[in-house]
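Here are the chains, one letter per residue:
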Amino acid sequence: MRRTPLSIAFVIRDPLPPIRADVLTLFGAEMPHYGIGTDLVGQVGGESAAGGWSAGAVHPVGSLKHKMASVLSPFWDALGLARAWRRAPLDCIQVRDKIASGLVGRAAAAVLGLPFVYWMSFPIVEGFEVRRDEIGRRGRGLRWLAHATRAALSRYVIYRLVLPGARHIFVQSDAMADWLAAKGFNRARMTAVPMGVDANLFRRASVTPSTDPRLDGRRVIVYLGRIAQSRKSDFLLDVVEALRERQPDILLVIAGDAPSADEMEWMRSSISKRGLDSHVLLTGWLPQQAALGYAVRAEVGLSPIPRGALFDVSSPTKLVEYLALGIPSVANDIPDQRLVTAQSAAGLCAPMEAEAFRDAVLELLGNPTMASQFAARGPAWVRTHRTYTVLAEKVAAAYDQILPDRPC
């Protein structure tokens, strides 16, 4: 592929040091194999700066814990880009999921004569609009006005100023690409990069099953991921309530945390109020290998994602993780999950309704032959389609097309 190395300055929304696999694994481990190095620019998530990034350099400026972080981050990112430029020649400026900093990145690229690329993993503007509408249902005061102003300005900046100036747009899914194309953006300027897994981490043989005695003698089903009211996580409890009538020994393991203590308390109290304490095990945050230890004790994995503008264009990781681990799964019908279950033939797709999920889970629990076939197909499909080794080849090919070779 490419003979001359490339250097990308990548402004990210997530805290530094990076923990997301689509940054840490894709850009930190895989892209250097294609001669593509990455300087990360962003804000730290705690007190210490990032370290151990062998794909390039890390330029942390500012902290996400600062009370004015949302206002100051574009200025911090401009400083980080300047540091990246001083360190070594750049071939591209790329911004991920930031709006004001997207405008900074486009301007910096124009001044420096570099291509500008945008990476959209989530419809941030539409998320602002959902938040605006949630507040508006409680009354249209000054708080609503602030959120409405942010949503309106963000919509103008991203869709009128940032994306039109991008040489290329990386998106989360084919559904997101189609959605942006419907807004008037050229589909040919987009590459869909769905969420994948690190093949070395998500290999069943390398995971030590949990020895938690609470799982013994139970029909275990699992949910890996975050808990949040916006994700309608209490739907999981609806499913357990529907299941326990037909499968009294059912146990749902929710291996994940919530974004705040309030959200975690909401989930705990919801479990208690429904009388599901003996049917739901809420682990809270766990190290990854410990969470996977619970997952491989499960007979079925659950991946319900609410339908709507925010999530219909997403590419959830959990379904792919289940398949990589050989766990038969039940997922609802957002486009990417519908695609994965159809192509892999390793899971069942159902609408996000408690009875539909109940019936799908019972079908897998009651049909060992089907479950074993699904378990065998999942890992092979993931290795072929959704590891970061496979996805890296696709991303590198896109850069080969959109970025010029740097003179030797």
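In what follows, the structure referred to is the one given above.
Report on the accompanying structure. Since the structure is predicted, the reported quantities are computational estimates derived from the model, not experimental observations.

Pairing of side chains with opposite charge becomes possible as their charged atoms draw close. Counted by the stated rule, this structure contains 21 salt bridges. Across the pair Arg96 and Asp97 runs a salt bridge whose closest N-O atoms are separated by 3.7 Å. Each member of the pair, Arg96 together with Asp97, is buried. Its salt-bridge partner being Arg274, residue Glu241 comes within 3.0 Å of it at the nearest N-O pair.

On to empty space enclosed by the protein. Empty space left among the atoms is revealed by rolling a probe the size of a water molecule over them. The final tally for this structure, using the stated rule, is two cavities of 30 Å³ or more. Forming the boundary of the largest cavity are Ile99, Tyr118, Met120, Phe122, Pro123, Ile124, Val125, Glu126, Ile158 and Tyr159. Looking at the lining of the largest cavity, the elements that each hand over two or more residues are strand 5 (116–120), helix 5 (124–136) and helix 6 (142–162). The greatest single-element share of the lining of the largest cavity, amounting to three residues, is contributed by helix 5. Class assignment for the residues of the lining of the largest cavity results in nine nonpolar, no polar and one charged. The volume enclosed by the second largest cavity comes to roughly 30 Å³. In terms of lining residues, the second largest cavity is bounded by Tyr223, Arg231, Lys232, Ser233, Phe235, Leu236 and Pro304. Tallied by class, residues from the lining of the second largest cavity come to four nonpolar, one polar and two charged.

Glancing now at the nonpolar core. Within the largest apolar cluster, 64 residues are counted, with the highest numbers of intra-cluster contacts made by Val253, Ile254 and Leu302. With eight residues, the single largest contributor to this core is helix 13 (residues 354–366). Discounting residues that sit within four places of it in the chain, Ile254 has contacts with Tyr223, Ile227, Leu236, Met267, Val280, Leu281, Leu282, Thr283 and Gly284. Among the nonpolar cores identified, the runner-up in size contains 35 residues, and Leu81, Ile99, Ala109 and Val125 belong to it.

Another point: the sheet that holds strand 13 (residues 347–349). An order of 10-9-8-11-12-13 is seen for the six strands of this open sheet, with the pairing classed as parallel. Strand pairing shows two members of the sheet lacking a second neighbour, strand 10 (280–282) and strand 13, which therefore form its edges. Within the sheet, the average angular offset between the axes of one strand and its neighbour, ignoring direction, is 20 degrees. Note: strand 11 (residues 300–303) against strand 12 (residues 329–331), three bridges, orientation parallel. Its bridge partner being in strand 12, Gly301 is matched across the sheet by Ser329. Its contacts with the sheet place helix 8 (residues 235–244) against strand 8 (219–224), strand 9 (250–255), strand 10 and strand 11, and it is angled at close to 165 degrees to strand 9.

Rules used throughout
Residues numbered from 1 in each chain as written. Predicted model: local features only at pLDDT ≥ 70, side-chain atom pairs only at ≥ 80, totals over all residues. Heavy atoms only, no water. Salt bridge = Lys/Arg side-chain N within 4 Å of Asp/Glu carboxyl O. Buried < 20%, exposed > 50% of the residue type's maximum accessible area, 1.4 Å probe, protein only. 1 Å grid on protein atoms, 1.4 Å probe; cavity = no way out; pocket = protein on both sides within 12 Å on 5 of 7 lines; lining within 4 Å. Points joined across faces, edges and corners; volume = space filled by probe spheres on them. Helix = DSSP H or I, 4+ residues; strand = E, 2+ residues; numbered from the N terminus. Nonpolar A, V, L, I, M, F, W, Y, C, P; charged D, E, K, R; others polar. Core = buried A, V, L, I, M, F, W, Y, C linked by side-chain atoms within 4.5 Å. Contact = heavy atoms within 4.5 Å. Pairing = 2+ DSSP bridges. Axes fitted to C-alpha atoms, helices over the stretch in contact; angles between N-to-C directions.

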